[in-house]
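Reading the structure
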Amino acid sequence: MADYQMTLVDRQRIARGTMTFWFDTNGSDYDFRAGQHADFAFLHPSVGDESDNLRTFSLANSPHEKGLVMIAMRMRETGFKTALISAALGTKFRVSRPRGSFILHKDFARPAVFLAGGIGITPVRSILDWAAQERMPHKLYLFYSNREAVDAAFLEELEALTMQNPRFTLIPTITRLTYSAWRHETGRVDREMLSRYLTGLNRPIFYIAGPSGMVTAMTNLLCSLDVSDDDIRTEEFGDYTATENPVQTNQISKS
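Residues numbered from 1 in each chain as written. Predicted model: local features only at pLDDT ≥ 70, side-chain atom pairs only at ≥ 80, totals over all residues. Heavy atoms only, no water.

Digging into the pairing of strand 5 (residues 68-74)
What counts, and what does not: Type-normalised accessible area, obtained with a 1.4 Å probe on protein chains alone, sets the label of each residue: buried when under 20%, exposed when over 50%, and partly exposed for intermediate values. In DSSP terms, a helix is any run of H or I states spanning at least four residues, a strand is any run of E spanning at least two, and both are numbered starting from the N terminus. Two strands are said to pair when DSSP picks up at least two bridges between them.
Taken across its seven residues, strand 5 has six buried, putting it largely inside the fold. In this structure, strand 2 (residues 18-24) lies alongside strand 5, joined through seven bridges in antiparallel fashion. By the bridge assignment, Thr18 is partnered in strand 5 with Arg74.

Side note on the nonpolar core
The condition that has to hold: What is meant by a nonpolar core is a set of buried Ala, Val, Leu, Ile, Met, Phe, Trp, Tyr and Cys residues, joined one to another through side-chain atoms within 4.5 Å. Whether two residues touch is decided by their heavy atoms; if any such pair falls within 4.5 Å, the residues are in contact.
Phe114, Val124, Leu128 and Leu142 are the most contacted members of the largest nonpolar core, which totals 37 residues. Those elements giving two or more residues to this core turn out to be strand 5, strand 7 (112-117), helix 2 (121-134), strand 8 (140-146), helix 3 (155-164), strand 9 (168-174) and strand 11 (205-211). In terms of residue count, the dominant contributor to this core is helix 2 (six residues). Apart from residues lying up to four places away in sequence, Val124 is in contact with Phe102, Phe114, Ala116, Leu142 and Ala209.

Describing the confidence of the model for the protein chain
Parts of the prediction with low pLDDT should not have their coordinates interpreted in detail. To keep it simple, the criterion reads: Think of pLDDT as the predictor's per-residue confidence, scored from 0 to 100.
Counting all residues, the mean pLDDT for the protein chain is 89, and 90% of those residues have values of 70 or more. Every residue in residues 240-253 is under pLDDT 50, and counting partners more than four places away or in other chains gives 49 contacts.

Notes on the pattern of salt bridges
Stated precisely, the cut-off is as follows: What makes a salt bridge here is a side-chain nitrogen of Lys or Arg within 4 Å of a carboxyl oxygen of Asp or Glu, nothing more.
Summed over the entire model, instances satisfying the criterion amount to 12 salt bridges. Here Arg16 ties to Glu148 by a salt bridge, and the two come within 3.6 Å at their closest N and O atoms. Pair noted here: Arg16 is in the loop between strand 1 (3-15) and strand 2 and Glu148 is in the loop between strand 8 and helix 3, with a separation of 132 residues, a long-range link. Overlapping salt bridges bring together Arg16, Glu148, Asp151 and Arg176 as one network.

Quick notes on unusual backbone geometry
Located in the positive-phi region is Asn26, a residue other than glycine, with phi close to 55 degrees. Assignment of secondary structure puts Asn26 in the loop between strand 2 and strand 3 (37-42).

Here we look at the environment of Thr20
Within the secondary structure, Thr20 is located in strand 2. When the C-alpha atoms of Thr20 and Ala72 are compared, they prove to be 4.2 Å apart, with 52 residues separating the residues in sequence. Residues within four places of Thr20 in sequence aside, it is in contact with Asp10, Arg11, Gln12, Ile14, Met70, Ile71, Ala72 and Phe154.

Description of the environment of Gln5
Along the chain, the position of Gln5 falls in strand 1. Expressed as a C-alpha distance, the spacing of Gln5 and Phe93, which sit 88 residues apart in the sequence, is 5.7 Å. Gln5 has contacts with Asp24, Thr25, Asn26, Leu43, Lys92 and Phe93, leaving out every residue within four places of it along the chain.

Some points on the sheet that holds strand 10 (residues 185-186)
So the rule is basically this: Orientation is described by lines fitted to C-alpha atoms, with helices fitted over the stretch in contact, and by angles between N-to-C directions that extend from 0 to 180 degrees.
Spatially, 10-9-8-7-11-12 is the arrangement adopted by the six strands of the open sheet, whose pairing is parallel. Strands at the two margins of the open sheet, each flanked by one partner only, are strand 10 and strand 12 (232-237). Taken together, the six bridges between strand 11 and strand 12 define a ladder with parallel strand orientation. Residue pairing for strand 12: Ala209 is matched across the bridge by Glu235. Across the face of the sheet, helix 4 (residues 191-198) comes into contact with strand 7, strand 8, strand 9, strand 10 and strand 11 while running at roughly 150 degrees to strand 8.

Pasting the structure below:
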């Protein structure tokens, strides 16, 4: 891959089993569009790790944050993620050029409706932050589904973003109610939930991001509502085990 060299500078736990990792671009002119993804590899992998030294991740921060790149992931016991969680700050990585077409459409007269499941929130976060900073005139709706409240990465940030951008509507939902103070939706995103928030919208473009099962379910739901395939964009992530949580049609693995 055409490489940029970046340096791991920070990591944080942001939800149950979910971490963010920040990389300094080391002065390189790393330009990406909100919603794109890139390949990450250790510049100097440990002996025995060479075969498990490449992963594709969505770029979760806004392109306005010059000099920094952030990714987020559900942590699992894979060789790459185990090495990443234990890597010292200052560790060097090779990062490919950004790519992908999961980006906000240009016709601001048509609303954007995001259907995100679990870690599928990462490219959506990038788009929403960028849209607020650019003061884009699009109406934006995010249906953000997680198993439990503790799994909802970036939720406080997204709630704050609704105050910053009056054109943004956030609809979080959880499928397992274990937190009595939860004040948002419960249950899976379905026809009834969509209709309560989207009735009367002018030909929205739908963006689906999450595990493959969620992407398939949401795509089928939209098709049952007579949404044209041309109005659906997907970014697909690797599936997770039942103990973890909940889609680009190019089938890139982001697990």
